[in-house]
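Structure at a glance
Listed below are the residues making up each chain.
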Amino acid sequence: MKRTFFLALTFLFLLAPVLNATAVAPQAYGHEIVVAATTSDEQISAIAYNSLRSEMLVVWQVDAGNGNYDIWARRGRHMGPFQWLGEAFVVAASATSEDTAAVAYNSSDDDYLVVYEYQFTASDHDIFGQRVAGRSGEGDQGGELKGSAFSIGGTTGSEQNPDVAYLPSSQHFLVVYELDGDIWGRRVARQHMGDNSGNLIAAEFAIAADFEHNEAQPQVLASTQQSYFLVAYAYEFASDDWDIRGQRLRGLYTDAGQLMAQAFDIAFTSDSETNPSLGYSQNAQAFIVAWQADAANNSDVRAVWLDERIQQGDPAINTPFVVSEDLVAQEQQPAVDVDPANGDVAVVLSYIPDEVLLARIGTVWLNAVPTATPHITRPLSLYPERPFAVTHPLIKLCHGQPGMIVGFDAATGSEHDAYLIASSRWATLLPLILHG
């Protein structure tokens, strides 16, 4: 009896930091993996999950010299120990800069679409796309790429900061981007299935174009159950007060118009809300939106659930809730992902303890049921401090598997390296393990 009581007490003691949200955040376990770490500037861009092969495509940008960035990629798998699949390869490289890439997986053809900024001139950037084969060696002539790079957004204005999503029911991508303070988009077909057997469907079109207010930082995901796209973006209500808004778009192109109903507010307090991130739960039939909220020189992360079945007006299931907040620490740059197999929901963020210590990566796990409380099932856990600051975290949950991948930039002065952390979904008190 005494032994049983002692074991139970020991278990509760070890679990207490996880159960007590006000305690020091527990430390998370993982294998640190170098993506690109040379004397050049390298920055992580995006990760897409290939559900057919339980693989992922990791995309980053590399300074080839004098600020001329190129786009690179590499395939990997995280089922047990993380492993790279093949060597890194070039996605886009030219005499001018290609950067700020996003990527989505096309389950219909087992390929990826990488979209990125192309520097046409110093003041005029365009959006281009490049298809990547789902399996190494299945691109053109046994390579990695399918077809050539093609223009998606190329007006006399400057298109920047793209994002992309694929909708299986309509079998095409939606690419969204900034265009001179507005949000625009364009539909991209499966290879050779667009207009005139090309890549594109119709012309560029405005998603959010308020002449008095700027819109920025677009993010897009597809509602697979209701067959439409949701775009979230930052809206400049005032010079120091940004809000988060949402706009639904039809899953299929129609001459009658691209937008469904009116834009709606997602986050619109007196705080400045920026850096939206979208996740989609087909099990819950809902979107989760996370963002950074800034007020009084302090940054926190908040979120809200949206009912995908509501297609006009405000779809909020609940009021916005706190994901992570601290009166001293800065929580910034959230990224959210949902496992479509079991509905697990995780948010990763940059955590700066104070003005002296370096930024670290933190994770928070949310309740997979939007209507349930509490909204947080596992509060903030931190990966160990490293001898560099971490920025721009990304997260990808392995579908139906216990593994997860976190990507980030390691910043030392003005130079960056690209890293991954391969870990389990369960926070532990074990140290970070370096893994080449």
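The rules behind the values
- Residues numbered from 1 in each chain as written.
- Predicted model: local features only at pLDDT ≥ 70, side-chain atom pairs only at ≥ 80, totals over all residues.
- Heavy atoms only, no water.
- Helix = DSSP H or I, 4+ residues; strand = E, 2+ residues; numbered from the N terminus.
- Contact = heavy atoms within 4.5 Å.
- Pairing = 2+ DSSP bridges.
- Axes fitted to C-alpha atoms, helices over the stretch in contact; angles between N-to-C directions.
- Buried < 20%, exposed > 50% of the residue type's maximum accessible area, 1.4 Å probe, protein only.
- Salt bridge = Lys/Arg side-chain N within 4 Å of Asp/Glu carboxyl O.
- pLDDT = per-residue confidence, 0-100.
- Phe/Tyr/Trp six-rings, centres within 6.5 Å; stacked < 30°, edge-to-face > 60°.
- Lys NZ or Arg CZ within 6 Å of the ring centre and 35° of its normal.
- Polar contact = N/O pair within 3.5 Å; in protein donor to acceptor, adjacent residues only side chain to side chain.

What follows concerns the overall build of the protein chain. Summing up its helical and strand segments, the protein chain has one helix and 29 strands in all. Across its three principal directions, the C-alpha atoms of the protein chain cover 80 × 45 × 40 Å. Nonlocal contacts in the protein chain, meaning residues at least 24 apart in sequence, comprise 51% of its contacts between residues at least 6 apart.

Moving on: the sheet that holds strand 5 (residues 82-92). Ordered in space as 2-3-4-5, the four strands form an open sheet in which the pairing is antiparallel. Across the chains shown, the open sheet's two edge strands, defined by having one partner strand only, are strand 2 (42-50) and strand 5. Between one strand axis and the next, the sheet turns through 20° on average, direction left out of account. In terms of strand pairing, strand 3 (residues 55-63) meets strand 4 (residues 69-78) through eight bridges, oriented antiparallel. Counterpart to Asp-63 in the pairing with strand 4 is Tyr-69.

Within strand 8 (residues 124-133), ten of the ten residues are buried, which leaves it mostly tucked inside the rest of the structure. Residues of strand 8 alternate between two faces, with Asp-124, Asp-126, Phe-128, Gln-130 and Val-132 on one and His-125, Ile-127, Gly-129, Arg-131 and Ala-133 on the opposite face, all of them buried. Direction of pairing for strand 7 (residues 111-121) relative to strand 8: antiparallel, over a ladder of ten bridges. Of the residues in strand 8, the one forming a bridge with Tyr-118 is Asp-126. Counting the residues in the hairpin turn of strand 7 and strand 8 gives two residues. Across five bridges, the pairing between strand 8 and strand 9 (residues 145-153) is antiparallel. Looking at the pairing, Ile-127 lines up with Gly-153 of strand 9.

Here we take up the sheet that holds strand 15 (residues 228-238). Strand order in the open sheet formed by four strands is 14-15-16-17, with antiparallel pairing between adjacent strands. Since the sheet does not close on itself, it has two edges, and those belong to strand 14 (215-223) and strand 17 (259-267), each with one partner. On average, adjacent strands in this sheet sit at an angle of 25° to one another, irrespective of strand direction.

Let us look at unusual backbone geometry. Here Thr-373 and Pro-374 are connected by a cis peptide whose omega angle stands at 0°. For Pro-374, the position within the fold is in the loop between strand 24 (360-366) and strand 25 (376-382). Positive phi, normally seen in glycine, also occurs at Asn-275, with a value near 55°. For Asn-275, the position within the fold is in strand 18 (residues 272-281). The backbone phi angle of Gln-333 is positive, close to 50°, even though this residue is not glycine.

Moving on, we get to the pattern of salt bridges. Side-chain pairing between opposite charges can occur once the charged atoms of the two side chains come close. Tallying each qualifying case throughout the model produces 14 salt bridges. Arg-190 is paired through a salt bridge with Asp-109; the nearest N and O atoms lie 2.6 Å apart. Residue Arg-190 is found in the loop between strand 12 (182-189) and strand 13 (200-208), and its partner Asp-109 is found in the loop between strand 6 (98-106) and strand 7; the two are separated by 81 residues along the sequence. Members of the salt-bridge network, linked through shared partners, are Asp-339, Asp-344 and Arg-425.

The next point concerns the environment of Thr-96. Structurally, Thr-96 is set in the loop between strand 5 and strand 6. Judged by relative accessible area, which is 18%, Thr-96 ranks as buried. When neighbours within four sequence positions are excluded, Thr-96 is seen to be in contact with Asn-68, Tyr-69, Tyr-118 and Gln-119.

So, about the environment of Gly-400. Residue placement: Gly-400 occurs in the loop between strand 26 (389-397) and strand 27 (403-412). The partly exposed category is assigned to Gly-400, whose relative accessible area is 48%. A sequence separation of 60 residues divides Gly-400 from Pro-340, and the C-alpha atoms of the two residues are 7.7 Å apart. With sequence-adjacent residues up to four places away left out, Gly-400 is seen in contact with Asp-339, Ala-341 and Arg-425.

Looking at the element boundaries, Pro-387 is found in the loop between strand 25 and strand 26. Taking the relative accessible area as the measure of exposure, Pro-387 reaches 63% and is therefore exposed. Separated by 28 residues in sequence, Pro-387 and Ala-359 have C-alpha atoms that sit 9.9 Å apart.

Okay, the confidence of the model for the protein chain next. With 92% of its residues at a pLDDT of 70 or more, the protein chain has an overall mean of 91. Taken together, the stretch residues 1-23 has pLDDT below 50 and engages in seven contacts with residues farther than four places along the chain or on a different chain.

By convention here, two paired aromatic rings are described through the distance between centres and the angle between planes. Counted according to the given criterion, the structure contains ten aromatic pairs. Between Tyr-228 and Phe-287, the aromatic rings sit 6.3 Å apart at their centres with planes inclined by 50°, giving tilted as the arrangement. Here Phe-287 lies in strand 19 (residues 286-295) and Tyr-228 lies in strand 15, a separation of 59 residues in the sequence. Of the two residues examined, Tyr-228 and Phe-287, each falls in the buried class. Chaining the aromatic ring pairs together yields one cluster made of Tyr-116, Tyr-118 and Phe-128. Residue placement shows Arg-245 over the ring face of Tyr-235; its charged tip is 5.0 Å from the ring centre.

This part is about the side chain of Asp-271. Mapping Asp-271 onto the fold places it in the loop between strand 17 and strand 18. Asp-271 sits in the buried class, given a relative accessible area of 15%. Among the polar contacts listed, one links the side chain of Asp-271 to the side chain of Arg-302, at a separation of 2.8 Å.

Moving on: the side chain of Asp-243. Tracing the chain through its elements places Asp-243 in strand 16 (residues 241-250). Apart from the residues within four sequence positions on either side, Asp-243 is in contact with Tyr-233, Ala-234, Tyr-235, Phe-237, Ala-267, Phe-268, Thr-269, Asp-271 and Glu-273.

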